[in-house]
Amino acid sequence: MTTLPPPSERKLGLVIDLDTCVGCHACVVSCKGWNTENYGAPLSDRNAYGAAPEGTFLNRVHTFEVTPETGPPQIVHFPKSCLHCDNAPCVTVCPTGASYKRADDGIVLVNEADCIGCGLCAWACPYGAREMDPLEQVMKKCTLCVDRIYNDALPPEDREPACVRTCPAGARHFGDLADPESAVSQLVAERGGFDLMPEQDTAPVNKYLPPRPRDQLASPALPDLAALCATPEDAPAGFVGWLDRALERL
Amino acid sequence: MPKTPSLDLAPRPGDSVAKTTCYMCACRCGINVHLKDGKVAYIEGNRDHPVNRGVLCAKGSAGIMQHLSPARLRAPLKRVGPRGSGEFQEISWDEALKIATDWLRPLRETAPEKLAFFTGRDQSQSFTGWWAQAFGTPNWAAHGGFCSVNMAAAGIYTMGGSFWEFGQPDWDRTKLFLLFGVAEDHDSNPIKMGLGKLKARGARVIGINPIRSGYNAVADDWVGITPGTDGLFILSLVHELLRAGKIDLGYLTRYTNAPYLVCAHKGPEKGLFLRDDDGKPLVRDRATGRALAWDSPGISPDLAQGVQIGGVTHLPVFRHLADRYLAPDYAPEAVAERCGIAPERIRAIAAEIARVAFEEEITLDQPWVDFRGQRHATMTGRPVAMHAMRGISAHSNGFQTCRALHLLQILIGSIETPGGFRFKPPYPKPPEAHPRPHARHTAGEPLDGPHLGYPLGPEHLLIDEDGQPKRIDKAFSWEAPLSAHGMMHMVISNAHRGDPYQIDTLFLYMANMAWNSSMNTSAVMGMLTDTDAEGSYRIPRIIYSDAYSSEMVAYADLILPDTTYLERHDCISLLDRPICEAEAMADSIRWPVVAPDRDVRPFQSVLLDLGARLGLPGMVTEDGSPKFRDYADYITNHERRPGIGPLAGFRGDGTGKGRGAPNPDQIAAYIENGGFWIDPIPENAQFFKPWNAAYQEWAVARGLFDGPQPYLFNLYLEPLRKFQLAAEGHGHRQPPEHLRDRLRATMDPLPIWYPTFTDAETDPAEFPIHALTQRPMAHYHSWGSQNAWLRQIHGEAPLYVSAAIWARHGFAPGDWATLTSAQGRITLPVARMDALNAHTVWTWNAIAKRPGAWALDPRAPESQRSTLLNHLIGELLPPKGDGLTWANSDPITGQAAWYDLRVRIEKAARPQIQPDAGRQASPVPPAPRDLAQQVKE
């Protein structure tokens, strides 16, 4: 079993805006591209062109339908990847120490050299955020693009996770959630950001912003010009009367 | 403490980066292609690029898998089995080009119209059209006729510009955004980026769409409208705004034809504008009560009163408009049931439009001068923006519906004003400034002018003295007078029938016409393989160019294999569909960032080669040798007008903007600049462009047009009235009898709504349900399924069924359904979806694949658990018993009416995809089983 480090001073993570996510999967594929080429073994695809393709993704978008008691049904797109929990059960369950949480920024990673592919961590994760690579048989998970965010080979503006850089709607935000002054912490405070499944006591670092209330438009109907016009009993004539006067005022 | 292994925290994404343009859909985003040792390692968005500002969608990020697709064709192919079988022999380019030349040369010398050349989703239409014009065939167009010509034509005819490439909401300022009928895949990154901006500042988004997925899922308010009724809903909003006087009278008076006087005399002038001796439309001057030319200095145009001439009162356009839409037919109560929207909801939306437009107006402290010479101290706008696409346009009432939407935008004064909708260069450009269509062909000679254009009356139709269409697709005939993009969806059907004449060679590029790009797919596959009494194919020869093993490949006789988008030159040109922004003119290129590893050639270079072999004018020098080495050479050196070429940037000595001599280093300059060129519009010219003197001057300087061309918006569209007059018996050119009533009814010069032809002619008891199709955000055209990453996101296309239909038919998870239309039947799996109009079902378009195509395993879910709605949608309406053929198209533009479809649904007895398209042999080797893609340095 593996021990967790003391709480880190910085807690790097994502804030995902469910009000804005259109479910386009841009984050899913950008992540696949970066992490196939970088960090450990490529994210493989078994039966890539076959009847039942089975590939590794570190981030997936799920879609849920919600029908409120009043008002029309709604669709919520829900991107999900590792939440880099403070109390990460995937770390403590690891028999080899391959699964670990970094002491200085809180990122949860898998050291592939020590991973024996037992899959215990995936069982322990209540979010289903880990995937066993079908070809390499090592555990794969979101690295928070640890090889981008500190990468001095990249321009400074690109030192953020691939999913954040690519998100067309700007629904993904990256930053230090331990710092109450950070932009992501402010966003969480303003928009009522929440933990996913808090009852699991995993203390996830990543936060979700809830969808704003939908279908609230209830503007009162427009008043009729007829009330303002010379001949209210005859709407078109009344309209022309209004028009004449309105044109005079132009 | 856990051990902390050492990590490589600074891997380089590549050893070099090549900046080019994406082609995973039609959005034309800028991409950084990171290369390692000459191989593609990673693709991300280009932060400097005006279209995507660094972001990139799922398709764009998966470009590496498209580039490495096992479905890539490897060499030219000659058919050796029967059409449709997919049996080919690889041949050399010399042989392929000789075959093509031997087929095409006799046609050009004797009957150039017997070549029908149609292109699909390519972005080189100004080039392919130029080639077809030089060849001399009238039969050329691209895919707009089955995509969104209603949107484009209604926009250009009404206000001199349309959506998407041609214009965009003022994302940075708008406070209320209405999105009508936009499918998930449309205008991918720009719409998402725009919605993101609105969401970030809490602006309200209203989605009007039968399906609440994608963009509509994040809309604050969703209007699950019944398909085909958008026009009625919009005109009801117009009714409400008029009823309350919430319209911008100043804007209407200054910038639209609202004050034009409409002739009320009976006879051939009725409904046309009253004009003076110089042909200038007249308006009533409120000061004098006299009818004066619209642009008379100091005039005060009237919208309320008409003038009496010869005992008849001629009213201004605005009075006709007000009388029509104030009528109780358009009251919310009158339209509610038909549209599936409660009256109070319609009222609330109208009230919100009025509130934001007139209580939250935006004023920019930016002086400007209008075309009348009047100086304005500020720019004031109504921050309500609207956007729409195929959902409102792909109906047989789509043109008038799109007109109705523009009417709504114009009435509140939100076009080309801050916070509203803005044009992008080369627009605004009124219909008069566009060409007229041409079709006069002569053996051995070029065509007499450009193929496509904007007719202004029956005199511009492409018909012969007997009224017969001159084009194989019957574009610009009485069947579709304003078919500004041609009618690609009719080509195979008409060519198969020999109606209006026989053709010899069908030449297609990047258009999967044997599958997802055709209406009536099963029948089209039959037409392509059908033979005459002698056993010869009815369409004698088919040449096709594609980069991949698509379904259409199997139906061609000769294949000219294209490259992938990373292996080619392209120009995203101002002459075509550029990448401009509302405040900048811009264009871009693709260039070969990697070399092909197969015996394939870029199609445009091949077309130039063919043109030179055929000796086409403009493609050979005086001694008959090829004028252009390849497409890059054409891009650099071709001039459409003196000083105007395919690329506007870095002309002449490298500093020319828009105008200038060809610059041999132009492409190098684009590459150096990140693959694009951009030139900002001056700040005093960024709004009110159709009427803004500074914009007009700037546009002339940049070569967008050769003289200022200010114009007024056409609330009342006089060219439509000219067609109506012909239908009423006036004029020399007369429509055929069977079309008179339809032309009279539909070509109304003010926007109208009428039920779609399918709604009007279908028994609602027999076919009670609407059926729709859209592409998902992560796929485009038919390309996505060959992509190992994208097909894991969308690998099958079930039929999504509304809760009401699900319950009524007792569906359970795992069930399959049979859908039946008047013209076909399909069987596919079902899934329940509640956020859907109650009378509607839908499925993904272009996920389904024919077994054997795209290098997929024939057992793939794309062929075993997916099918196309296309099998249910006729290119013709069901026979009416009059012996005539009636196109399933908009009667004005010929736009394919995909979304008119009505069906009935039943639980299927057997879980098996129907129809069975049969298996095609694959001309490419089997795909690898597993992938572990990595290009390590």
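Residues numbered from 1 in each chain as written. Chains lettered and ligands numbered in written order. Predicted model: local features only at pLDDT ≥ 70, side-chain atom pairs only at ≥ 80, totals over all residues.

Right, let's talk about the overall build of chain A for a bit. The helix and strand tally for chain A stands at seven helices and eleven strands. Taken over C-alpha atoms, the radius of gyration comes to 26 Å for chain A, far larger than the 18 Å a tight globule of 250 residues would show. For chain A, the C-alpha atoms occupy an extent of roughly 90 × 50 × 40 Å along the three principal directions. (Helix = DSSP H or I, 4+ residues; strand = E, 2+ residues; numbered from the N terminus. Rg over C-alpha atoms; globule rule 2.2 N^0.38 Å.)

Helix and strand counts for chain B come out as 26 helices and 33 strands. Its C-alpha radius of gyration of 27 Å places chain B within 12% of the 30 Å reference for a compact globule of 937 residues. If one aligns the C-alpha atoms of chain B with their principal axes, the spans along those axes are about 85 × 80 × 70 Å. A burial count over chain B gives 63% of its 937 residues as buried. A sequence separation of at least 24 residues applies to 69% of the contacts in chain B between residues at least 6 apart. (Buried ≥ 20, exposed ≤ 12 C-beta atoms within 10 Å, placed from the backbone. Contact = placed C-beta atoms within 7 Å.)

Let us look at the interface of chain B and chain A. The partner chain A presents 79 residues to the 92 residues of chain B that form the contact. Of the residues belonging to the side of chain B that touches chain A, the class tally is 51 nonpolar, 16 polar and 25 charged. (Nonpolar A, V, L, I, M, F, W, Y, C, P; charged D, E, K, R; others polar.)

Turning to the domain arrangement of chain A, a few remarks are in order. Taken domain by domain, chain A consists of domain 1 (12–209) and domain 2 (221–250). The straight-line distance from the C-alpha centre of domain 1 of chain A to that of domain 2 of chain A is 60 Å. (Domains from an automatic or database assignment.)

This paragraph deals with the domain arrangement of chain B. How large an interface is tends to be reported as the accessible area lost when its parts come together. Residue and element names in this part refer to chain B. Domain parsing of chain B yields domain 1 (16–56 + 567–582 + 584–680), domain 2 (77–147 + 432–561), domain 3 (163–254 + 335–426 + 686–715), domain 4 (259–315) and domain 5 (760–907). In this structure, domain 1 and domain 2 have C-alpha centres spaced 26 Å apart. Residue-level contacts link 23 residues of domain 1 with 22 residues of domain 2. Sorting the residues of the side of domain 1 that touches domain 2 by element identifies β25 (570–572) and α17 (603–613) as the ones contributing at least two each.

Attention shifts here to the packing of helix α5 (residues 149–159) of chain B against helix α14 (residues 398–411) of chain B. All names here are of chain B. Where α5 meets α14, the closest approach of the two axes is 8 Å, and the angle between their N-to-C directions is 45°. By the criterion of interaxial angle, the relationship of α5 to α14 is oblique. Here α5 and α14 pass one another in a crossing that is right-handed. In this structure, α5 contributes Asn150, Met151, Ala153, Ala154, Gly155, Thr158 and Met159 to the contact, and α14 contributes Gly398, Phe399, Cys402, Arg403, His406 and Ile410. Of the residues assigned to the contact of α5 with α14, the class counts are seven nonpolar, five polar and one charged. (Axes fitted to C-alpha atoms, helices over the stretch in contact; angles between N-to-C directions. Parallel < 35°, antiparallel > 145°, perpendicular 65-115°, else oblique. Left-handed = near helix turned anticlockwise from the far one by under 90°.)

On to unusual backbone geometry. Residues and elements named next belong to chain B. Pro425 connects to Pro426 through a cis peptide bond whose omega is 5°. Residue placement: Pro426 occurs in the loop between β21 (421–423) and α15 (491–497). In this structure, Pro915 follows Gln914 across a cis peptide bond, with omega equal to -5°. Looking at where Pro915 falls in the secondary structure, it is placed in the segment after β33 (902–907).

Right, let's talk about the sheet that holds strand β22 (residues 505–509) of chain B for a bit. Residues and elements named next belong to chain B. Strand order in the open sheet made by the seven strands is β5-β4-β24-β23-β22-β6-β7, with mixed pairing throughout. The open sheet has two free edges, formed respectively by β5 (88–90) and β7 (140–141), since each of these has just one partner strand. On top of the sheet, helix α3 (residues 93–110) reaches β6 (115–119), β22, β23 (541–546) and β24 (558–561); it is set at about 120° to β24, its chief contact. Taken strand by strand, helix α4 (residues 125–135) contacts β6, β7 and β22, and its axis lies near 175° from that of β6. (Pairing = 2+ DSSP bridges.)

Our next topic: the confidence of the model for chain A. Summarising the model, chain A shows a mean pLDDT of 94, and 95% of its residues fall at 70 or more. Taken as a whole, residues 230–235 of chain A scores under 50 in pLDDT and shows ten contacts with residues more than four places along the chain or in a different chain. (pLDDT = per-residue confidence, 0-100.)

Let's shift gears to the nonpolar core. Soluble globular proteins tend to pack their nonpolar side chains together in the buried interior. Residue and element names in this part refer to chain B. Membership of the largest hydrophobic core comes to 368 residues, with the highest contact counts inside it found for Ala58, Leu241 and Ile353. The biggest single contributor to this core is helix α12 (residues 343–359), with nine residues. The contact partners of Leu241, leaving out residues within four places of it in the chain, are Lys246, Ile247, Ala350, Ile353, Ala354, Leu411 and Ile412. (Core = buried A, V, L, I, M, F, W, Y, C linked by C-beta atoms within 7 Å.)

For the rest of this paragraph, the subject is the sheet that holds strand β27 (residues 676–680) of chain B. Residue and element names in this part refer to chain B. Spatially, the three strands line up as an open sheet ordered β25-β26-β27, and their pairing is antiparallel. Of all the strands in the sheet, just β25 and β27 have a single pairing partner and so form its edges. Adjacent strand axes in the sheet meet at a mean angle of 10°, parallel and antiparallel pairs treated alike. Pairing analysis gives five bridges linking strand β26 (residues 584–590) to β27, with the strands arranged antiparallel. Bridged to Ala584 within β27 is Pro680.

Now for the environment of Pro602 of chain B. Residue and element names in this part refer to chain B. Within the secondary structure, Pro602 is located in the loop between β26 and α17. Judged by local crowding, Pro602 falls into the buried class, with 25 C-beta atoms found within 10 Å. Considering only alpha carbons, one finds Pro602 and Arg324, 278 residues apart in sequence, at a separation of 54 Å. For Pro602, the contacting residues outside a window of four places in its chain are Asp562, Thr563, Arg568, His569 and Tyr631.

Regular strands place side chains that alternate from one sheet face to the opposite one. Residue and element names in this part refer to chain B. The pairing of strand β30 (residues 816–821) with strand β31 (residues 824–832) spans six bridges and is antiparallel. By the bridge assignment for β31, Ser821 is matched with Gly824. Linking two consecutive strands that pair antiparallel, namely β30 and β31, is a turn of two residues. Relative to β33, β30 is paired through four bridges, and the arrangement is antiparallel. When the bridges of β33 are listed, Leu819 appears paired with Ile905.

All names here are of chain B. In terms of burial, strand β9 (residues 176–180) is a largely internal element, five of the five residues being buried. Covered by surrounding structure in β9 are Leu176, Leu178 and Phe180 together with Phe177 and Leu179, the residues of both alternating faces. Both β9 and strand β10 (residues 204–208) contribute to a ladder of five bridges, which runs parallel. Across the sheet, Phe177 pairs through a bridge with Val205, a residue of β10. In this fold, β9 hands off to helix α6 (residues 188–200), which returns the chain to β10; that crossover is right-handed. As judged from the five bridges shared by β9 and strand β20 (residues 384–388), these two strands associate in the parallel manner. (Right-handed = clockwise from strand over helix to strand, strands pointing away.)

A word on helix α1 (residues 26–37) of chain A. Residues and elements named next belong to chain A. For α1, spanning twelve residues, the distance from its first C-alpha to its last is 17 Å, which sits close to the expected 16 Å at 1.5 Å a residue. The buried fraction of α1 amounts to twelve of the twelve residues, a majority that puts the element mostly inside the structure. Those residues of α1 that sit buried are Ala26, Cys27, Val28, Val29, Ser30, Cys31, Lys32, Gly33, Trp34, Asn35, Thr36 and Glu37. Residue Tyr39 follows α1 closely and has a positive phi angle near 40°. (Expected span 1.5 Å × (residues − 1).)

What follows is about the environment of Thr521 of chain B. Residues and elements named next belong to chain B. If you trace the backbone, Thr521 turns up in helix α16 (residues 521–529). A C-alpha to C-alpha distance of 50 Å links Thr521 and Glu683, two positions 162 residues apart in sequence. Setting aside residues no more than four positions away along its own chain, Thr521 makes contact with Trp515, Leu868, Asn870 and His871.

Helix-helix packing: each pair is described by the crossing angle between the helix axes and the interaxial distance. All names here are of chain B. Closest axis-to-axis distance for the helix α8 (residues 230–243)/helix α11 (residues 332–339) pair is 10 Å, and the angle between their directions is 160°. Here α8 lies roughly antiparallel to α11, going by the angle between them. The crossing of α8 and α11 is left-handed. Residues Leu232, Phe233, Ser236 and Glu240 of α8 pack against Pro332, Val335, Arg338 and Cys339 of α11. Classifying every residue of the contact of α8 with α11 by side-chain character gives five nonpolar, one polar and two charged.

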